[in-house]
Amino acid sequence: PVQIVFAGKAHPADWHGKELIQRVTQFARNPRVQGRIVFLEDYDIYLARHLVHGVDVWLNTPRRPNEASGTSGMKVCINGGLHASTLDGWWCEGYTPEAGWAIGNDEPYNDDEYHDTVEAQALYNLIETDIVPAFYDRPSGDLPLRWIRMMKASIRMGLHRFSSHRMVTDYMRGAYAPALDAYDRLARDKAAEVAAIVAKRKRIAELWPKVVVEYPATNR
């Protein structure tokens, strides 16, 4: 069995988003899928916290290239969940078969409707032939050993590449430390290098009004 949980809000002016939420909630009331398709109302930080802590797979299906980033998927991976998404946003960098799934082959499309049809079928195939079998592959009793290996790989990938620690480390190495070194260099010997630069610029400013550009006369 598979349960799909939808959650989210549409901007007040986003009528397409509102229509999509309406269609999902109406479909969820169908007796054939009741309990298997769920829509959670009033999405907020509190609800998001429970979702990123508890879901097995975080499903993200932006129509490329419209994904802004994908920080929710990063949080899921750090919490041991797996990510399944079209190759857009952060998943272009984060995707690895050991830690999740890619929907489609990142092919360009000129027709949005055809694009959606192809990737929807790719998602159905992925769920049926890969994601569900991986979750229920339990050769040693109740433990899904392959799934657990993917969870560990997902945590390693998320923490190593998409954590605040990595971000701050990059800022430190690429910006703050070089800036500190430059300050130490400029402040050395009572800021002698800075004084020389200031004196040079002052001299240029003083002499600039006296600069004249003359063109040589041409013989006709």
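Rules behind the numbers
Residues numbered from 1 in each chain as written. Predicted model: local features only at pLDDT ≥ 70, side-chain atom pairs only at ≥ 80, totals over all residues. Heavy atoms only, no water. Helix = DSSP H or I, 4+ residues; strand = E, 2+ residues; numbered from the N terminus. Contact = heavy atoms within 4.5 Å. Pairing = 2+ DSSP bridges. Axes fitted to C-alpha atoms, helices over the stretch in contact; angles between N-to-C directions. Buried < 20%, exposed > 50% of the residue type's maximum accessible area, 1.4 Å probe, protein only. Right-handed = clockwise from strand over helix to strand, strands pointing away.

Focus on the environment of M157
Right, on to step 1. Turning to its location among the elements, M157 is positioned in helix α6 (residues 145-161).
Right, on to step 2. In this structure the C-alpha to C-alpha distance between M157 and G94, which are 63 residues apart in sequence, comes to 7.2 Å.
Right, on to step 3. Dropping the residues within four chain positions of it, M157 is found in contact with C77, W90, W91, G94, A99 and F162.

Topic: unusual backbone geometry
Right, on to step 1. The omega torsion of the bond from R64 to P65 falls at 0°, within 30 degrees of zero and hence cis.
Right, on to step 2. Within the secondary structure, P65 is located in the loop between β3 (57-60) and α3 (71-78).
Right, on to step 3. For D42, which is not glycine, the phi dihedral falls at a positive 55°.
Right, on to step 4. For D42, the location among the structural elements is in the loop between β2 (37-40) and α2 (45-54).
Right, on to step 5. Although it is not a glycine, K190 sits at a positive phi angle of roughly 55°.
Right, on to step 6. Checked against the element boundaries, K190 lands in helix α7 (residues 164-207).

Some remarks on the sheet that holds strand β4 (residues 82-86)
Right, on to step 1. Strands sit in the order β3-β4-β5 across an open sheet of three strands; the sheet is parallel. The open sheet has two edge strands, β3 and β5 (100-103), and neither has a second partner. Shown here is a sheet whose adjacent strand axes are inclined to one another by a mean of 10°, direction ignored.
Right, on to step 2. Both β3 and β4 contribute to a ladder of four bridges, which runs parallel. Opposite W58, over in β4, you have H83 as the bridge partner.

Considering the pairing of β2
Regular strands have side chains that alternate between both faces of the sheet.
Right, on to step 1. Only one face of β2 is buried: it carries I37 and F39, and the other face, with V38 and L40, is open.
Right, on to step 2. Bridge analysis of strand β1 (residues 4-7) against β2 gives four bridges, and the strand direction is parallel. Each residue of the ladder has a partner; that of V5, found in β2, is V38.
Right, on to step 3. In this region the chain leaves β1, passes through helix α1 (residues 15-28) and returns to the parallel neighbour β2; the handedness of that crossover is right-handed.

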